[in-house]
Amino acid sequence: MSIVQVDRLAISYAAGKRSVPVVRGVSFAIEAGRTLGLVGESGSGKSTVARTLLAHLRTGSRIEHGTVHVDGEDVFALSPAGRRALRGGTASVVAQNAGQALTPSMRVGEQIREALRAHGEPDGPERVLELVRLVRLPSPETIVLRYPHQLSGGQQQRVAIAMAVAARPRVLVLDEPTTALDVVTQAAVLDLVADLGRELGVAVLLVSHDLGVVSAMADEIAVMRDGEVVEHAETAALFAAPQHEYTRALLAAVPDGRRPGGTDHVPETATVSSAVASRAGRTVGSEPLVRPVVTAEDLVIRYGRGLPAAVDGVSFTIAPRETLAVVGESGSGKSTLATALAGLVPAESGTFSFDDGTVSGDLREPIAGRSPDLRRAVQLVFQNADTSLNPRRTVGAAIARPLQLFTGSSSRERVGELLSQVGLGPEFADRLPAQLSGGQRQRVGIARA
């Protein structure tokens, strides 16, 4: 018997005086112990559908018609108390960014205890440690005493999973659960979720744009486009013989080295001109480039006196029209290097310079000490679009701000042009970040940069 039943669901949201449809006639069911993968491009309605399993809609959204049943209950017919019992009790969610989902001022053990207490579950120390062991975190007795910022991204994600399964839910919603993780940590989290699904017998809805992740976890897949399910089939059958043109296009867009079931590698046609492999903050190897715009030599970056270097002796160059890829596991120093380039983290020693023939400067200078031209020349697209956009300012205002700052003018036409360049369109200028999907918010960050 199906634990989840979604029948002809249609959702719209208000955009000024208009009503914009975002989900159109979606139907599916999920049985206990099975996983449904919901895939599609950003803005296709995946996350909107996923949230309905917890009776949640974005501000301004409404159900036009259709129903959502979880464990036999019409979730939108529940009382406020019934919805509180549903969320985290009958159905739980593991969000894309675990760091955001955890309270920074509470120790890990107390956050797990709070999840247990909220649903009347035993919340003693042994039960908390049992959940920590269940998600395979090392040194449980130590982990429960730490704060979220003292954990890696993968460890934070496992804490979020422990909280999600604390009250023994019947349904688990995974919304892009591995986006922020390196491939090694991602594989471990995927194995963990698959094992928990089998052990606990829950119905799992996996929302992802990553076809490799979906192929490894899902028993069946529903492909969404423009709010509709255009294809729904068993995973093996869909990958072997996709029926819809859009599904075939999705599969064709996956680089050969990342095809489901294949081994990841950089394809021969990649535009990466050289690569720096980073481990423990040290350069493993690099290929020098000519006419560098950015030059780094023996770069050392640390977050405080007496602390180990986050980046230690790294050297590289980047030339015009060339891309340098910095890869490595969580904590290897990749993001530290990127934020130092943007001036958000100061370099302790080494050479770090910028010169494109028009603008030049010392990149060891923090952002406040850089010239306006250098600040304009080096822009950063953040990993997490959710926290890099002001939730109270429209998309158009976010993009107009750097235009006004660096050029002195910001026309609506130029903002619309930039939105079109990232595949959104001028009509997105009046929307708030909350009215966009994660992928759409990331495109706004790119347009702003």
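Residues numbered from 1 in each chain as written. Predicted model: local features only at pLDDT ≥ 70, side-chain atom pairs only at ≥ 80, totals over all residues. Heavy atoms only, no water.

With that settled, the discussion passes to the sheet that holds strand β5 (residues 73-74). In space, the 4 strands of this open sheet follow the order β2-β1-β4-β5, with antiparallel pairing throughout. The sheet is open, and its two edges are formed by β2 (18-31) and β5, each paired on a single side. Judged from the 2 bridges that link them, strand β4 (residues 61-70) and β5 form a sheet pairing that is antiparallel. Residue pairing in the sheet places His69 in a bridge with Asp74 of β5. (Pairing = 2+ DSSP bridges. Helix = DSSP H or I, 4+ residues; strand = E, 2+ residues; numbered from the N terminus.)

Ordered in space as β6-β7-β8-β3-β9-β10, the 6 strands form an open sheet in which the pairing is mixed. The strands lining the two open edges of the sheet, one partner per strand, are β6 (91-94) and β10 (228-234). Taken over all neighbouring pairs, the strand axes of this sheet differ in orientation by 20° on average, direction set aside. Each of β6 and β7 (171-175) touches helix α7 (residues 153-165); the most contacted strand, β6, lies at about 175° to it. (Axes fitted to C-alpha atoms, helices over the stretch in contact; angles between N-to-C directions. Contact = heavy atoms within 4.5 Å.)

Okay, the pairing of β7 next. Counting buried residues along β7, 5 of its 5 residues qualify, which places the element largely inside the surrounding structure. Neither face of β7 is left uncovered, since the one carrying Val171, Val173 and Asp175 and the one carrying Leu172 and Leu174 both have all their residues buried. Across 4 bridges, the pairing between β6 and β7 is parallel. What sits directly across from Val93, in β7, is Val173. One ladder, built from 5 bridges, connects β7 with strand β8 (residues 203-207); its direction is parallel. Its bridge partner lying in β8, Asp175 is registered against Val207. (Buried < 20%, exposed > 50% of the residue type's maximum accessible area, 1.4 Å probe, protein only.)

Time to look at helix α4 (residues 108-118). For α4, the complete set of buried residues consists of Val108, Gly109, Gln111, Ile112, Ala115 and Leu116. Considered in projection along α4, the buried side chains sweep an arc of 165° and stay on one side of the axis. Packed against the buried residues of α4 are α5 (125-134), α6 (140-143) and α7. Positive backbone phi, at 70°, marks Gly120, one or two positions downstream of α4. (Arc of directions from axis to C-beta.)

Predicted coordinates in areas of low pLDDT are best not read in detail. For the protein chain, per-residue confidence averages 86 on the pLDDT scale, and residues scoring 70 or more make up 90% of the total. Within the protein chain, no element has a lower average pLDDT than strand β11 (residues 272-279), which sits at 48, and none a higher one than β10, at 96. Below a pLDDT of 50 lies the segment residues 257-274, which in the model reaches 28 contacts outside its immediate sequence neighbourhood of four places, other chains included. (pLDDT = per-residue confidence, 0-100.)

This part covers unusual backbone geometry. For Ser139, which is not glycine, the phi torsion reads 45° and is therefore positive. Here Ser139 shows up in the loop between α5 and α6. Since its relative accessible area comes to 47%, Ser139 is described here as partly exposed. If you check the backbone angles, Arg168 has positive phi at about 55° while not being a glycine. With respect to the helices and strands, the residue Arg168 is situated in the loop between α7 and β7. Among the residues examined, Arg168 registers a relative accessible area of 52% and is labelled exposed.

In this section: the pairing of strand β13 (residues 294-301). Relative to strand β14 (residues 311-318), β13 is paired through 6 bridges, and the arrangement is antiparallel. By the bridge assignment, Ala296 is partnered in β14 with Phe316. Relative to strand β16 (residues 349-355), β13 is paired through 5 bridges, and the arrangement is antiparallel. Bridge pairing links Glu297 to Thr351 in β16.

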